[in-house]
Amino acid sequence: MEYYILTQDERMKSFDKQTLNHDELRKWAKASENPKESIFSLYVDGDCEYKDWMDRPIPMVSDELKNIFEIYQPNINWKLVVLANVRQLTQKLYWVPKLNQVDCLSQQSEWHKNGILKKMVIDREAIRTYKICNVRGSLAQETIVDLDVAECLLKFNMSGFRLQQVETEQSR
């Protein structure tokens, strides 16, 4: 099976710190799973593109992409974010996924001296039951999707992401 890192496409205009309160959003996302804290509303300004995938300041997916993720990995927990633009009289629903953290890095992975992952190699046996997950052991939050999910994202013209194939190895 092939696996891909899902990253934000930097070619598309994104929400910056002036348009979106990054610190407030991060704090809310890390809060407990309390139902009272399951919806978060943010006012945005400007003419940024509403992408289907955003990984900064935290990973968020559009309502359409959430539906695709749920088909392939139905056990994902979600928190709702409403981005409202008062000037344009629009609002868009986004979802923050709580993905499984999978210990799937192979011994062949390479690291920089400061602990940042230099070259990712995935152990196919460790990740085989997951279609979408985060990699445990990386300082950055790396979201991995398998070939089926990657093809579906491309088929339905989802926006705001890039796919980079990850090297894999069979565990011994």
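To keep things clear, this report deals only with the structure shown in the data block. (Residues numbered from 1 in each chain as written. Predicted model: local features only at pLDDT ≥ 70, side-chain atom pairs only at ≥ 80, totals over all residues. Heavy atoms only, no water.)

As a further point, take the pairing of strand S13 (residues 161–169). As paired elements, strand S1 (residues 3–8) and S13 share 6 bridges and run antiparallel to each other. Note that in S13 the partner of tyrosine 3 across the bridge is valine 166. (Pairing = 2+ DSSP bridges. Helix = DSSP H or I, 4+ residues; strand = E, 2+ residues; numbered from the N terminus.)

Before going further, it helps to examine the nonpolar core. If you look at the biggest cluster of nonpolar residues, it comprises 21 residues, and the most contacted ones within it are Leu6, Trp53, Val61, Leu65, Phe69, Val145 and Leu153. Every element with two or more residues in this core is listed here: S1, helix H2 (63–72), strand S5 (77–85) and helix H4 (147–155). With 4 residues, the top contributor of residues to this core is H4. (Core = buried A, V, L, I, M, F, W, Y, C linked by side-chain atoms within 4.5 Å. Buried < 20%, exposed > 50% of the residue type's maximum accessible area, 1.4 Å probe, protein only.)

Attention now moves to unusual backbone geometry. You will see that asparagine 157, though not glycine, has its phi angle at about 55 degrees, which is positive. The residue asparagine 157 is located in the loop between H4 and S13 in this model. You can call asparagine 157 exposed: its relative accessible area is 65%.

Moving on, we come to the sheet that holds strand S10 (residues 121–123). One open sheet holds the 6 strands; their spatial order is S7-S11-S12-S1-S13-S10, and the pairing between them is mixed. Both outer strands of the open sheet, strand S7 (101–102) and S10, are each paired with one neighbouring strand and no more. Contacts between H4 and the sheet are confined to S1, strand S11 (132–135), strand S12 (143–146) and S13, with S12 contributing the most and set at about 90 degrees to the helix. (Contact = heavy atoms within 4.5 Å. Axes fitted to C-alpha atoms, helices over the stretch in contact; angles between N-to-C directions.)

The geometry of H2 relative to H4 is characterised by a closest axis approach of 11 Å and an angle of 155 degrees between their N-to-C directions. Between H2 and H4, the crossing angle belongs to the class labelled roughly antiparallel. At the point where H2 passes H4, the crossing takes the right-handed sense. Contact residues: H2 offers Leu65, Ile68, Phe69 and Tyr72, while H4 offers Asp148, Val149, Cys152 and Leu153. Its residues assigned to classes, the contact of H2 with H4 comprises 7 nonpolar, no polar and 1 charged. (Parallel < 35°, antiparallel > 145°, perpendicular 65-115°, else oblique. Left-handed = near helix turned anticlockwise from the far one by under 90°. Nonpolar A, V, L, I, M, F, W, Y, C, P; charged D, E, K, R; others polar.)

Mapped onto the fold, arginine 124 is located in helix H3 (residues 124–127). Sequence-wise, arginine 124 and leucine 105 are 19 residues apart; in three dimensions their C-alpha atoms are separated by 9.2 Å. The contact partners of arginine 124, leaving out residues within four places of it in the chain, are Met1, Tyr3, Thr168, Glu169 and Gln170.

Take the side chain of aspartate 52 next. Within the secondary structure, aspartate 52 sits in the loop between strand S2 (39–43) and strand S3 (53–54). No salt bridge is formed by the buried aspartate 52; the nearest opposite charge belongs to lysine 92, separated by 5.2 Å. Within the structure, the side chain of aspartate 52 is placed 2.7 Å from the side chain of serine 62, a separation counted as a polar contact. For aspartate 52, the side chain forms a polar contact with the main-chain nitrogen of serine 159, separated by 2.8 Å. Setting aside residues no more than four positions away along its own chain, aspartate 52 makes contact with Met60, Val61, Ser62, Glu64, Leu65, Asn157, Met158 and Ser159. (Lys, Arg positive; Asp, Glu negative; His and termini not counted. Salt bridge = Lys/Arg side-chain N within 4 Å of Asp/Glu carboxyl O. Polar contact = N/O pair within 3.5 Å; in protein donor to acceptor, adjacent residues only side chain to side chain.)

Applying the stated criterion to the full structure yields 7 salt bridges. Between glutamate 64 and lysine 92 there is a salt bridge whose closest N-O contact spans 3.7 Å. Taken together, the positions of glutamate 64 in helix H2 and lysine 92 in strand S6 (residues 90–98) put the pair 28 residues apart, joining distant regions of the chain. Residue glutamate 64 is classed as partly exposed on the basis of its relative accessible area of 39%.

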